Amino acid sequence: MSLTTIAGFERIGEENAFAVLARAGALAAKGRDIVNLGIGQPDFSTPEHIVEAAVKALRDGAHGYTDATGILPLREAVARRTLTTTGVEVSPERVVIVPGGKVTMFAAILMFGEPGADILYPDPGFPIYRSMIEFTGARPVPIPIREANGFAFSAQETLSLLTPQTRLVIVNSPANPTGGVTPRAEIDKLVAGLAERPDIAILSDEIYDQMVYDGEEHVSLLTYPAIADRLILLNGFSKTWAMTGWRLGWSIWPEALYDKMRKLAVNAWSCVNAPAQCAGIAAIDGPQDGAREMVAAFDRRRQVVTELLNALPGVSCVTPKGAFYAFPNIAETGWKAKALASALLEEAGVALIGGPDFGVHGEGYIRVSCANSEENIRRAMERLGDFLASGTAARISA
Ligand code: PLP
């Protein structure tokens with residue numbers, strides 16, 4: 001066997017957003033004017049008091065290992081925040097501090113994925129769900145997320161995909177890449193169905209829980225006692241407090257799985273960076289005006305981008321109700337989504353992501369991230385409009 005033949009790695013995927021970010025950076029380094037609407041990372045700095053808390057922690061000597069599940073004051077802060085945002089009391093003994101939200105999905109999928117198992121995941125959805133499912137040898141079963149349904153998931157369709165082999169169901173609301181928010185009635189139905197299947201674990205990715213608009217509510221799956229004994233909740237600091245590079249997240253685990261997660265932590269990362277954990281306490285307990293201003297900016301931008309997209313020929317865009325992405329339908333332009341994304345970057349200097357990078361049901365769509373200034377969003381949409389108006393030849397050859 002050759003050195004590079006390693007089981008599973010022929011199936012593991014990636015996040016194309018990072019490749020687009022690198023390509024956009026390379027073009028910009030050559031002097032090209034690139035407007036980046038590709039990456040899912042707030043274009044704001046982490047609020048100052050959070051940065052200061054980390055600096056102070058370093059000066060005060062937070063240099064060593066911590067408990068593998070995270071320092072108790074941070075787990076307590078997460079429990080307090082959970083009570084405030086969901087009304088649900090969780091013990092800090094069920095909270096695990098992790099190096100980024102992604103790590104929770106990695107762990108949950110690793111726990112339940114194996115050959116012969118089915119795992120349901122949203123499509124279009126965060127690409128790492130499918131990648132990790134495939135890596136474990138489990139069968140990835142996409143839950144189609146449909147524009148006709150306002151990009152909410154359908155409980156009925158999700159339940160219809162369950163098989164005796166289903167081990168894990170992954171849901172995400174507010175959602176990446178669509179901005180969809182699933183209403184309470186639909187979640188009620190899903191939970192009622194899953195209550196009949198106590199052998200299935202549920203991973204609820206609620207990393208965008210603070211980013212909902214137009215009076216929509218975020219409904220946490222934590223609020224359903226019927227599934228509490230097998231619900232894994234994913235959340236983190238990356239989006240709410242603009243902390244993507246800090247690598248700091250948290251998950252809430254059911255009692256039966258907690259020790260397994262603790263062991264994974266011990267084996268893989270020992271503990272999360274200690275000063276970052278201290279910053280996490282400041283993020284939760286400190287002033288929230290920075291976080292609120294960011295959400296207000298995303299709210300304005302998603303309205304601007306939706307209006308501009310809907311004015312373009314062949315493009316239609318459902319108004320996103322959550323997160324900070326728009327997911328316009330570009331099928332009528334005649335372009336394949338990835339070809340359009342790539343041509344836009346190379347020829348028009350606009351970075352965004354083709355829908356198929358989020359799953360097969362993403363064909364016909366592109367993801368536009370609102371993590372850029374309103375001015376840059378307007379410039380990008382103007383370029384997109386000009387490009388579509390002049391792109392007939394390129395389209396035919398695409
Ligand atoms: N879940 C969703 C739906 C996301 O969009 C992202 C990041 O884009 C993550 C999880 C991962 O977050 P983190 O950067 O904290 O690992």
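In this text the structure is predicted, and so the values were computed from the model without any measurement.

A. Highlighting the overall build of the chain. A tally of helices and strands in the chain yields 13 helices and 12 strands. The C-alpha extent of the chain, read off along each of the three principal axes, is 60 × 55 × 55 Å. The buried share among the 398 residues of the chain stands at 57%. Of the contacts made within the chain by residues no fewer than 6 positions apart, 75% connect residues no fewer than 24 positions apart.

B. Region of the structure containing the site of the ligand. Near the ligand there are 14 residues, and of these Gly101, Asp205, Tyr208, Ser238 and Lys239 occur at the shortest range. In the environment of the ligand, an oxygen atom lies 2.6 Å from a nitrogen or oxygen atom belonging to the side chain of Ser238. Arg247 is positioned with one of its side-chain polar atoms (N or O) 2.8 Å from an oxygen atom of the ligand. Within the complex, 94% of the 390 Å² of free accessible area of the ligand lies under protein. Among the elements that line the shell around the ligand, the one with the most residues is helix α4 (residues 101-112), at three residues. Taken together, the residues that form the shell around the ligand break down as five nonpolar, five polar and four charged.

C. Region of the structure containing the sheet that holds strand β8 (residues 249-252). A sheet is described by the order of its strands in space; here seven strands give the open sequence β2-β8-β7-β6-β5-β3-β4, paired in mixed fashion. This sheet does not close on itself; its edge strands, each paired only once, are β2 (95-98) and β4 (139-144). With direction set aside, neighbouring strand axes in the sheet form an average angle of 20°. Pairing geometry for strand β6 (residues 201-205) and strand β7 (residues 231-236), over four bridges, is parallel. Across the sheet, residue Ser204 finds its bridge partner in β7, namely Leu233.

D. Just the pattern of salt bridges, in detail. Enumeration according to the criterion identifies 26 salt bridges in this entry. Of the charged contacts, one joins Glu114 and Arg167 as a salt bridge, the two residues approaching to 3.3 Å between their closest N and O atoms. With Glu114 in the loop between α4 and β3 (118-123) and Arg167 in strand β5 (residues 166-172), this pair connects stretches of sequence that are 53 residues apart. Note on Glu114: relative accessible area 40%, which makes it partly exposed. One network of salt bridges, in which partners are shared, links Asp33, Arg379 and Arg383.

E. How the structure looks around the pairing of β4. Of the pairings in the sheet, the one linking β3 to β4 comprises six bridges and is parallel in character. Paired with Ile119 across the two strands is Pro140, which belongs to β4. With helix α5 (residues 127-136) bridging β3 and its parallel neighbour β4, the resulting β-α-β unit is right-handed.

F. Summary view of the domain arrangement of the chain. Each assigned domain of the chain is listed here: domain 1 (9-45 + 289-389) and domain 2 (65-285). On a C-alpha basis, the centroid separation for the pair domain 1 and domain 2 is 25 Å. Opposite the 38 residues of domain 1 that make contact, domain 2 presents 36 residues. Summing both partners gives a buried area of about 3,100 Å² for domain 1 against domain 2, and 60% of it is carried by carbon and sulfur. In terms of surface lost to domain 2, no three residues of domain 1 exceed Arg11, Lys321 and His361, which account for 21% of the buried area on that side. Between the two partners, domain 1 and domain 2, sit three salt bridges. With its nearest N and O atoms 4.0 Å apart, the salt bridge here joins Glu216 to Lys321. The interface formed by domain 1 and domain 2 includes 19 residue pairs in polar contact (both at pLDDT 80 or more). At the level of secondary structure, the elements contributing two or more residues to the side of domain 1 that touches domain 2 comprise α10 (289-310) and β9 (325-326). Of all the elements, α10 adds the most residues to the side of domain 1 that touches domain 2, at six residues.

G. Quick peek at α4. Over its 12 residues, α4 runs 18 Å from end to end, which matches the ideal 16 Å to within 8%, given 1.5 Å per residue. Along α4, the residues classified as buried are Gly101, Val103, Thr104, Met105, Ala107, Ala108, Ile109 and Phe112.

H. Structural detail: the packing of helix α2 (residues 48-59) against helix α9 (residues 274-285). For the pair α2 and α9, interaxial distance at closest approach is 8 Å and the crossing angle is 140°. Viewed along their axes, α2 and α9 form a crossing whose handedness is right-handed. In this structure, α2 contributes His49, Ile50, Ala53, Ala54, Ala57 and Leu58 to the contact, and α9 contributes Pro275, Cys278, Ala279, Ala282 and Ala283. In terms of residue class, the contact of α2 with α9 is made up of 10 nonpolar, one polar and no charged.

I. Representation of helix α7 (residues 184-194) in the model. Here α7 has its buried residues at Glu186, Ile187, Leu190, Val191, Gly193 and Leu194. Seen from one end, α7 has its buried residues packed into an arc of 160°, which puts them on one side. Along its buried surface, α7 packs onto α6 (155-160), β5 and β6.

J. The arrangement of a nonpolar patch on the surface in detail. Together, Ile6, Phe9 and Ile12 make up a nonpolar patch on the protein surface, roughly 270 Å² of accessible area in all. Relative to the helices and strands, Phe9 is located in the segment before α1 (16-29). Of the residues examined, Phe9 reaches a relative accessible area of 47% and is grouped as partly exposed.

K. Main features of the side chain of Arg197. Looking at where Arg197 falls in the secondary structure, it is placed in the loop between α7 and β6. At 2.9 Å, the side chain of Arg197 forms a polar contact with the side chain of Asp199. Not counting residues within four places of it along the chain, the set of residues in contact with Arg197 comprises Leu162, Thr163, Pro164, Thr166 and Arg230.

What counts and how
Residues numbered from 1 in each chain as written. Predicted model: local features only at pLDDT ≥ 70, side-chain atom pairs only at ≥ 80, totals over all residues. Heavy atoms only, no water. Helix = DSSP H or I, 4+ residues; strand = E, 2+ residues; numbered from the N terminus. Buried < 20%, exposed > 50% of the residue type's maximum accessible area, 1.4 Å probe, protein only. Contact = heavy atoms within 4.5 Å. Near = heavy atom within 4 Å. Polar contact = N/O pair within 3.5 Å; in protein donor to acceptor, adjacent residues only side chain to side chain. Areas by Shrake-Rupley, 256 points an atom, 1.4 Å probe, with all protein chains shown as cover. Nonpolar A, V, L, I, M, F, W, Y, C, P; charged D, E, K, R; others polar. Pairing = 2+ DSSP bridges. Axes fitted to C-alpha atoms, helices over the stretch in contact; angles between N-to-C directions. Salt bridge = Lys/Arg side-chain N within 4 Å of Asp/Glu carboxyl O. Right-handed = clockwise from strand over helix to strand, strands pointing away. Domains from an automatic or database assignment. Buried area = accessible area lost by both parts, 1.4 Å probe. Expected span 1.5 Å × (residues − 1). Left-handed = near helix turned anticlockwise from the far one by under 90°. Arc of directions from axis to C-beta. Patch = residues over 30% accessible without salt bridge, like charges linked within 9 Å, V, L, I, M, F, W, Y side chains within 5 Å.

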